[in-house]
Amino acid sequence: MIRRVFRRPEKYSIFFQQLITEINSLGLGSLGIVSIISVFMGAVITIQSAFNFTSAWIPIYAVGLATRQGIILEFSPTIVSLILAGKVGSNIASEIGTMRVTEQIDALEVMGINPEGYLIMPKVMAAMLINPFLIIISMFLGIFGGWLFGVLTGVVTSYEYVYGIQYQLRPFSVYYALIKTVVFAFIITSVSSYCGYYTDGGSLEVGRSSTRAVVYSSILILIFNFMLTQLLMA
């Protein structure tokens, strides 16, 4: 299926139109939930770190350092991608699955249109383009949420927190997170499209395809997270 997805589009104008539509649907449509989760998870990481760093040997700026590392390395690229697998993956699988059971995909084939390229390639490309921007926004909001609630609750001062997030910052950490994000975006869209495309039956099977898409995508994200961490950080 992937081989057929990446064939040359029949008309580039239609492909770019579909690409913009999918960027708006898959990316911008997820901005709200990503923002809310990022702010409050940054707050939780900050408060938990402050209450667990009880030793006098641990400086208070370590709270900002721990929040930065946790959000950039794991929370934003991995946890947010798992959330997107549930939101975006189920939406893709149910959309394509519904088109399959209502024979709309068969109609595309009769008209001589490559259904995989027309339906799936814009989704894959849109997610791989827009998801890194979502993750960058998630990183910023997570660190901002940690600063905001850390200062409001009094567990850390603004100066110490800012010093901690600046302490020994390695740009490669951000590159590492974005590399994982692109791989996870491909997994979410391709696996979900596959589950929807090969739906067989009626409306009940569409629901099962959506469930399979979320489960398979989440498992593959965790497996590839381990593999990429081993390859890039070892």
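Residues numbered from 1 in each chain as written. Predicted model: local features only at pLDDT ≥ 70, side-chain atom pairs only at ≥ 80, totals over all residues. Heavy atoms only, no water.

Notes on the nonpolar core
What tends to happen in soluble globular proteins is that the nonpolar side chains get buried as a cluster. The biggest cluster of nonpolar side chains holds 47 residues, and the ones touching the most others in it are Leu84 and Ile120. Breaking this core down by element, the ones donating at least two residues are helix 2 (12-27), helix 3 (31-52), helix 4 (62-101), helix 5 (104-110), helix 6 (115-153), helix 7 (158-166), helix 8 (171-197) and helix 9 (203-233). Here the element with the most residues in this core is helix 4; it accounts for 12 residues. (Core = buried A, V, L, I, M, F, W, Y, C linked by side-chain atoms within 4.5 Å. Buried < 20%, exposed > 50% of the residue type's maximum accessible area, 1.4 Å probe, protein only. Helix = DSSP H or I, 4+ residues; strand = E, 2+ residues; numbered from the N terminus.)

Things to note about the pattern of salt bridges
What the rule picks out here adds up to 6 salt bridges. Salt-bridge contacts for lysine 123 lead to glutamate 95; the nearest nitrogen and oxygen are separated by 3.1 Å. Residue lysine 123 is located in helix 6, and its partner glutamate 95 is located in helix 4; the two are separated by 28 residues in the primary sequence. The class of lysine 123 is buried, set by a relative accessible area of 1%. Overall, glutamate 95 belongs to the partly exposed group, its relative accessible area being 33%. Measuring nitrogen to oxygen at the nearest pair gives 2.9 Å for the salt bridge that ties glutamate 205 to arginine 208. In this pair, glutamate 205 and arginine 208 both sit in helix 9, 3 residues apart, roughly one turn of the helix. Residue glutamate 205 is classed as partly exposed on the basis of its relative accessible area of 22%. Note on arginine 208: relative accessible area 44%, which makes it partly exposed. (Salt bridge = Lys/Arg side-chain N within 4 Å of Asp/Glu carboxyl O.)

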